[in-house]
Structures are given as structure tokens and as C-alpha cells.
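# Overview (structure and organization)
Here is how the chains run, residue by residue.
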Amino acid sequence: MKYGETAGRDVQTPRDHEPTKPICKVRAHSGRPFTASDSSWCQMFLANPVRAIARAPRPHLLAALGAEGRRRVEAFLPAWRDYRPTPLLALPTLAATLGVGAIHIKDEGQRLGLQSFKALGGAYAVMSLLLDEGARRLGRDLMPADIFSQEMRPIAAAMTVACATDGNHGRSVAAGARLVGCRAVIFLHAGVSQFRAAAIAALGAEIVRVPGDYDDSVAAAAAKAAREGWVVVSDASWDDYEDVPLTVIQGYTVMAGEALDALAVPPTHLFLQAGVGGMAAAVAAYAAQILGPAAPKVIVVEPERAACLLASARAGRPVVIPHNEPTIMAMLDCRAPSLIAWEILASIADGFVTLSEDQATDSMKRLASPLAMDPAVVAGESGGAGLAGFLACLCEPEARAALGLDRHSRILVFNTEGATDPALYSWIVGRSPGEVAGRLADIIAP
Ligand SMILES: Cc1ncc(COP(=O)(O)O)c(C=O)c1O
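Calculation notes
Residues numbered from 1 in each chain as written. Predicted model: local features only at pLDDT ≥ 70, side-chain atom pairs only at ≥ 80, totals over all residues. Near = placed C-beta within 6 Å. Helix = DSSP H or I, 4+ residues; strand = E, 2+ residues; numbered from the N terminus. Nonpolar A, V, L, I, M, F, W, Y, C, P; charged D, E, K, R; others polar. Domains from an automatic or database assignment. Pairing = 2+ DSSP bridges. Contact = placed C-beta atoms within 7 Å. Axes fitted to C-alpha atoms, helices over the stretch in contact; angles between N-to-C directions. pLDDT = per-residue confidence, 0-100. Expected span 1.5 Å × (residues − 1). Buried ≥ 20, exposed ≤ 12 C-beta atoms within 10 Å, placed from the backbone.

### Quick notes on the site of the ligand
The full set close to the ligand counts 20 residues, and G275, G278, M331, T416 and E417 are the nearest of them. Counting residues per element, the ones that place at least two in the shell around the ligand are helix 7 (168–180) and helix 12 (278–291). At three residues, the largest contribution of residues to the shell around the ligand is made by helix 12. Residue classes in the shell around the ligand are distributed as six nonpolar, ten polar and four charged. In this structure, the shell around the ligand is formed jointly by two domains, domain 1 (10–110 + 249–444) and domain 2 (122–234), each of which donates at least three residues.

Put into C-alpha cells, the structure is as follows:
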């Protein structure tokens, strides 16, 4: 089955996908300082209907996303000259204002110079694949540091990695290829901005523009890679294609681990934005295994225009949703869940919530202009979605009650990207990323 086909997933017709009655609608909540910028909020919270009946994820998936998996990824981190954990920021004023115990946001906009958590996944998968290839060719086990050895150079030079991307994953794959000296060909659909394309090309990758949408770029990458003998490094899995995407999402356990290590008390709730669900699955699986009975509740946050995981939860099986208008949360604009992500989230997620376009931009602005001495965070269009999902659930009584959100709650969200398209960021927020980050520097400066 080819990348981009609907292996293992049912395809929903628009009629199938017509929302059933929303379980609840999110309204601007009087008396709370987070009203939407217009009155068109109409989001949906769905308590996970399949959690109790879903099969447990296969053990090897969980094993890959636990402490040992994280250690494996960390063995490759010295390959990055400038690796350091991203900041975990507390938002005490926002927490007090909203009546919860704590809100922390992990700022992946500062990840490895690539501005998103995706830096941890695709690049690591490229290095890991090259190491496997080297071990196969040289006939012996290799250590991560060996990828830079003399004898690995021709092996790397002969390898081509390819992927389709909305931006961040391709940037990571390109960065990994550049680090180890292999070739990267990145397929971009028409909606990927020129700035994002240039950021990938600047890492030495060849760019192939594909007419159509993300699915078309996925199909084009797979077809070309099959013809040329290239390795497809996808962040989404489908039938018979699991190992590479599992390696990609294994990379994200580092982000989850850094966040949990930095918190004195574990969070009670994780609000995790999802495209194909890989990030949410990796973080949820890691937290569940590390924290056991103290594991937080997991809420998957998606754009209402691209809620393939919520649709899958409602259907009780992975489904492909129909084409919709593009969402400004471009990195979350996915119509089909990754099958391994679905397998994990079906049994671990507590709920699913969708966001309007306004909620996404409202969250970006809120993070850029924080309350009192809370730090400012430069959050891209998809980056602020986790916080927006929390706000959406908090102001909806049914969701709030179902999730037990109260003054004891400790919320952890991830700003999964910085201003990966600075012009768009400035247009939305009304200030440049530099101006917003400057405010952060002002606060930190003695
Ligand atoms: C900034 C950002 N946030 C969230 C996601 C969602 O990750 P996933 O597709 O693994 O669900 C992506 C995916 O590209 C992303 O780039």
C-alpha cells in the first residue's frame, strides 16, 4: 500500500462526516478574560468513546515510546552541536486568573534552531536509518557517533531520503540529511508558503513542488521514492509502514521527558495538538509509562476543519475525513490519522476537542501579550493550539466537568512551533516575532 492511500482507514464521505450533534459548544464566557474575537465559536468536545473498549497498544509501540526509547534518541543528541533542552515556562498569572493550579508551556519554538519539536523526529530518524544501513553494509554493530566516521561517508552519500511535508517535518528531515551528509528531496504542496520552502532549501534539500494539497504531495513523494529507491521518512504510518514513523515519533519522547523532568509535580492534564497524531501519541505514551497511575489526562486538540482523530474516535476506527477549507493551523491540516498514533490514542486519550480559526489566532496573541509578569511566548499558528484547546475546554461546563478541571489542575501544553512563517505571524499578532521575543528578554533581564 502506498503512502497517502487510505490503508487501514475507512474513507468517510462528506455525509458520513457531517458532525453529529456537538457534545458541547464553546462560548465566550462572561467574566473570563479570554473571549473569542468574534462570536463564531462552535467547537466540539468529545470524551473518548472508545477508550474503555480499545485494545491496548501493541507492546513494541509502548516500548519504543518509554524511558528506553528516549535514551536511544538521546544517544544521538550529541550530533547536534547546539543541543539543549527547550525552556519550560510557567504562566502563574494566567493560571490564577483562570482558577487552575498551574499552567506550564514548553517552548519548542526554541528547538535546535529549527523552531519546532519536529526537529527531534525526522532528523533523528534519518540518523537512525543511516546507522542501520551502515551496520548492514559493514556487517557489524555501530554506535551513534559512528555516523560521522570516515567509512560511513560513502554510505551516507549514497542514501537519499524523501518526504512530503507542510513545513516542519521536512525541515527536520533536511537538517538530519545535512548533518550526516546524505541527499534529501522534500515534496511540498501548493499551500506551503515560500518562506517555509526557503527554510528547507537553505538546509541543502532539493524541493519538489507538487500541485494540489498535502495528500497529493504525499502520493508524489511515495511514487518517486519507490521509482528511485529512496527512503521515505514519513511522520505518519499506514499498513505495512510502521518502523520509520515509529522512529520519527520516538524522537518526540525527548520533549516529553524534558518537560516531565523539569516539573516538580507532574501535570494533571496534557492538551496536545494533533495533525496525524504522532506528537500527541508519543507524549501521551511516554507520560503514561513514566507516571503510571499518576499519569495526566490527555486531551487531543485539532482544528475543526481537520479533526481526523476526533472523527476516528466517533467512528470507533481510523477514518479519512473529506477535504475541507484549509486551516490557518497549517501543520495540523491532516485528513487521516497515523495508524500507530491512532492505536495509542484510542486507548490513552481522555478526550478530543476542536478549535476554530479564531481560537488559534487568539491563543497566539494571548501568548504574545501575556498577563502581568508571565513570559511572552512566540507561538506559530499551530504552536498555540494546545493552550487554545485548554481554554476551550475550561470555558465549557460539560468539558470542564468531564475532565475535572479545577483549582487543583496543573496544565501542561506545548508551543510546538515558533514563528515558522514570520510574515504571517506578524500579520496575525500585529507585532514581529522579534518584538515579541524582545519583550521576553526585557522580562528576563535583571
Ligand atoms: C508545529 C506543529 N505542531 C503540531 C504538529 C502535529 O504533529 P502530528 O502530525 O505528529 O500530530 C505538527 C506536525 O507537523 C507541527 O508541525
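### Quick word on the sheet that holds strand 5 (residues 160–165)
Taking strand neighbours across the sheet as the criterion, the four strands line up as 7-6-5-8 in an open arrangement whose pairing is parallel. A single partner strand is all that each edge strand has here, and the edge strands are strand 7 (206–210) and strand 8 (231–232). Bridge count between strand 6 (residues 183–189) and strand 7: five bridges; the pairing is parallel. Looking at the pairing, I186 lines up with I207 of strand 7. Lying on the sheet, helix 9 (residues 214–228) is in contact with strand 5, strand 6, strand 7 and strand 8; it crosses strand 5 at an angle near 165°.

### Focus on the confidence of the model for the chain
Fine structural detail should not be taken from predicted coordinates in areas where pLDDT scores are low. Looking at the chain as a whole, its pLDDT mean stands at 90, while 89% of the residues score no less than 70. Note on residues 1–5: pLDDT is under 50 here. Beyond four places in sequence and across chains, it has 18 contacts. Note that residues 14–42 has pLDDT below 50 and, in this model, 45 contacts with residues that lie over four places away or in other chains.

### Observations concerning helix 7
Across its 13 residues, helix 7 extends 19 Å between first and last C-alpha, which sits within 8% of the 18 Å expected from 1.5 Å per residue. For helix 7, the buried fraction is high: twelve of the 13 residues fall into the buried class. The set of residues buried in helix 7 consists of N168, H169, G170, R171, S172, V173, A174, A175, G176, A177, L179 and V180. Structurally, helix 7 contributes buried residues whose contacts are with helix 5 (122–138), helix 6 (153–157), strand 5, strand 6 and helix 8 (194–201).

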